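Below are the chains, spelled out letter by letter.
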Amino acid sequence: MGKNKGGNNLKINKIKYPVPLSDIKDIENDNIDVFVELEDGITYTVVVSTPKNLMWYMDKEEMNYINPSPPFIIVRTLTEDNIKNALESFAEKDAYWLKLYHLVGKRDDVFNIKEMDKVIKDMHEEMLKDYVEFIGKS
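Every value quoted in this text rests on a predicted model; they were computed, and no experiment measured them.

Draft legend 1. Summary view of the nonpolar core. Counting residues in hydrophobic clusters, the biggest one holds 23 residues, and the most contacted among them are Val34, Leu38, Val48, Leu87 and Leu98. Of all elements in the fold, only strand S2 (31-38), strand S3 (43-49), helix H2 (80-90) and helix H3 (92-106) reach the threshold of two or more residues within this core.

Draft legend 2. How the structure looks around H2. Within H2 the residues assigned to the buried category are Ile83, Ala86, Leu87 and Phe90. Around the axis of H2, the buried residues are gathered within 100 degrees of arc, so they sit on the same side. In the core, the buried residues of H2 are packed alongside strand S1 (12-16), S2, S3, strand S4 (73-74) and H3.

Draft legend 3. How the structure looks around the pairing of S3. Counting buried positions along S3 yields 5 of 7 residues, so the element is predominantly enclosed. Sheet topology places S2 next to S3; 7 bridges connect them, and they run antiparallel. Residue pairing for S3: Asp33 is matched across the bridge by Val47. Turn length for the S2-S3 hairpin, with the two strands adjacent in sequence and antiparallel, is 4 residues, and the turn residue Gly41 shows positive phi of about 85 degrees. With 2 bridges connecting them, S3 and S4 associate as parallel partners. From the neighbouring strand, Val48 faces S4, where its bridge partner is Ile73.

Draft legend 4. Quick look at the packing of aromatic side chains. The final tally for this structure, using the stated rule, is 3 aromatic pairs. Arranged with centres 5.2 Å apart and planes meeting at 85 degrees, the rings of Tyr96 and Trp97 form a pair that is edge-to-face.

Draft legend 5. Representation of the pattern of salt bridges within the structure. Evaluation of the coordinates by the stated rule reveals 5 salt bridges. Measuring nitrogen to oxygen at the nearest pair gives 3.1 Å for the salt bridge that ties Glu61 to Lys60. Salt-bridge contacts for Glu125 lead to Lys121; the nearest nitrogen and oxygen are separated by 3.8 Å. Placement of both Glu125 and Lys121 in helix H4 (residues 113-137) is noted, with a separation of 4 residues, approximately one turn of the helix.

Draft legend 6. The arrangement of the packing of H2 against H3 in detail. Packing of H2 against H3 leaves a shortest axis separation of 6 Å and a crossing angle of 110 degrees. Classified by the angle their axes make, H2 and H3 are roughly perpendicular. Together, Leu87, Glu88, Ser89 and Phe90 of H2 and Glu92, Ala95, Tyr96, Trp97, Leu98 and Tyr101 of H3 make up the contact between the two elements. Here the residues of the contact of H2 with H3 sort into 7 nonpolar, 1 polar and 2 charged.

Draft legend 7. Focus on unusual backbone geometry. Despite not being glycine, Glu62 has its phi angle at roughly 55 degrees, a positive value. Position of Glu62 among the secondary structure elements: in the loop between helix H1 (51-61) and S4. In the Ramachandran plot, Ala95 falls in the positive-phi region, its phi being about 60 degrees despite a non-glycine side chain. The residue Ala95 is located in helix H3 in this model. Classification of Ala95 as buried rests on a relative accessible area of 0%.

Here is what the cut-offs are and how they apply
- Every chain is numbered on its own, with residues counted from 1 as its sequence reads.
- Per-residue local features are limited, in this predicted model, to residues with pLDDT of at least 70; the limit for side-chain atom pairs, both in listing and counting, is 80 or more; totals at the level of whole chains, interfaces and linings are taken over all residues.
- Only hydrogens and water are removed before side-chain values are computed, so all heavy atoms of the structure are retained for them.
- The criterion is simple. A nonpolar core is a set of buried Ala, Val, Leu, Ile, Met, Phe, Trp, Tyr and Cys residues joined through side-chain atoms within 4.5 Å.
- Using a 1.4 Å probe on the protein chains alone, a residue whose accessible area is under 20% of its type maximum counts as buried, one over 50% counts as exposed, and one in between counts as partly exposed.
- Secondary structure is summarised from DSSP: a helix means a run of H or I of at least four residues, a strand means a run of E of at least two, and numbering begins at the N terminus for each.
- As used here, the arc belongs to the directions running from the helix axis to the C-beta atoms.
- We call two residues contacting when some pair of their heavy atoms lies within 4.5 Å.
- Following DSSP output, two strands are said to pair if at least two bridges run between them.
- Pairing of aromatic side chains requires ring centres within 6.5 Å, counting the rings of Phe and Tyr and the six-membered ring of Trp. Pairs whose planes differ by under 30 degrees are stacked, by over 60 edge-to-face, and all others tilted.
- In what follows, salt bridge is the name for a side-chain nitrogen of Lys or Arg lying within 4 Å of a carboxyl oxygen of Asp or Glu.
- As a rule, the C-alpha atoms of each element are fitted with a line to give its axis, helices using only the stretch in contact, and angles between N-to-C directions run from 0 to 180 degrees.
- In this scheme, roughly parallel covers angles under 35 degrees and roughly antiparallel covers those over 145, while 65 to 115 is roughly perpendicular and the rest are oblique.
- Nonpolar residues are Ala, Val, Leu, Ile, Met, Phe, Trp, Tyr, Cys and Pro. Charged residues are Asp, Glu, Lys and Arg, and all others, Gly as well, are polar.

If you want it as structure tokens, here you go:
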């Protein structure tokens, strides 16, 4: 993927939750779906989790890692301020990361594997070219 240089920070119009945050028993160990409406009028869905919730999950599954899955936005605790601050960060640069997390959270096939392989190959070839030039100058 190319770098998203510049871009606008998109304004968050609304943040909604399927259940009130006040209903969460342990704000340090849980996760929640979050619906984020940006100024473009589109509502994006992401999962916000805490580090303790990820640890709890690995303990519960008796694993030392988390299997591949859609990404989480990580906050220390599930509070309005923490979630809002994290989402504002994800809304920077035309909401690139918010859109990416939303897309990969919805479907496994959102990105064509052949196109991804081509981008990776092109990046690798460019890196090798740069390396050869660097070594040649040494």
